[in-house]
Amino acid sequence: MATMSYTGTSSGSHNFSVTPAFQFSPGSYTVNFDANISLVVQGAAGGAGGGGTDSATSNAGAGGGGGAASDTVGETIAFLASDTYAFVVGAKGIGVTALSGTDGGNTTIVDSTSVTTLLSLNRGVKGLKNNAASGGAGGAGGTVVVGANAQAGAAGGNGSTSTPGDGGGSAIPGAAGGGGGAAGGGTNGTGGTGSAAGH
């Protein structure tokens, strides 16, 4: 079995002969292997933050953040000792008081040597804050760009004049959901935080 070395958001090495599983935290990494190895790679992009409510604008609820695309079944990828890889694990979006949430981050694996994308999962899109006429719109769910076994995330719910939008769920268990929108009612609210489950 191969040993993987990585630098970037954090640095280190991992011997798959000793421990067959490894999980990256959100961030960007340059990755190399000392021998050819095939691994089943699972991953998820970041779920988006829910919208906040601005009491000066409207008493309506805010939109929920979109859920992220994810791949919990996994893709079998053959990593080569001769190649260098770029791993990006998307971070979760956050809710912001009285403002729209923030988007999650995309998750990608690219063979930098052959310039081949091996996995690409898109983030959930932020939920919007309330507006003068109505509740905020929910964010779109993340789409799958590359990943035969991956699933798209669900869209966040729209806020209304009386209720906040639900956070966007996932089409399958284990994916990164979006944060719920803040409730209306005359106060400045903060949207919920999305989740990230990158591997």
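Residues numbered from 1 in each chain as written. Predicted model: local features only at pLDDT ≥ 70, side-chain atom pairs only at ≥ 80, totals over all residues. Heavy atoms only, no water.

**Side note on the confidence of the model for the protein**
For step 1, the next point in the chain: On average, residues of the protein carry a pLDDT of 82, and 80% of them reach 70 or more.
For step 2, the next point in the chain: Contacts from residues 169-175, a stretch scored under 50 in pLDDT, to residues over four places away or in other chains number 17 contacts.
For step 3, the next point in the chain: Within the model, pLDDT remains below 50 along residues 195-199, and this stretch shows 28 contacts once partners closer than five positions in the same chain are excluded. (pLDDT = per-residue confidence, 0-100. Contact = heavy atoms within 4.5 Å.)

**Considering the pattern of salt bridges**
For step 1, the next point in the chain: All chains considered together, the criterion is met by one salt bridge.
For step 2, the next point in the chain: For Asp103, the salt bridge goes to Arg123, with nearest N and O atoms at 3.5 Å. Taken as a pair, Asp103 in the loop between strand S6 (85-89) and strand S7 (107-111) and Arg123 in the loop between strand S8 (116-121) and strand S9 (144-146) lie far apart in primary sequence, 20 residues in all.
For step 3, the next point in the chain: The exposure class of Asp103 is partly exposed, given its relative accessible area of 28%.
For step 4, the next point in the chain: Residue Arg123 is classed as partly exposed on the basis of its relative accessible area, which comes to 29%. (Salt bridge = Lys/Arg side-chain N within 4 Å of Asp/Glu carboxyl O. Helix = DSSP H or I, 4+ residues; strand = E, 2+ residues; numbered from the N terminus. Buried < 20%, exposed > 50% of the residue type's maximum accessible area, 1.4 Å probe, protein only.)

**Details of the sheet that holds S7**
For step 1, the next point in the chain: On the basis of which strands lie adjacent, the open sheet formed by seven strands has the order S2-S1-S3-S6-S7-S8-S9 and antiparallel pairing. The sheet terminates laterally at strand S2 (12-15) and S9, the two strands that pair on one side only. Averaged over neighbouring strand pairs, the angle between their axes works out to 20 degrees when direction is ignored. (Pairing = 2+ DSSP bridges. Axes fitted to C-alpha atoms, helices over the stretch in contact; angles between N-to-C directions.)

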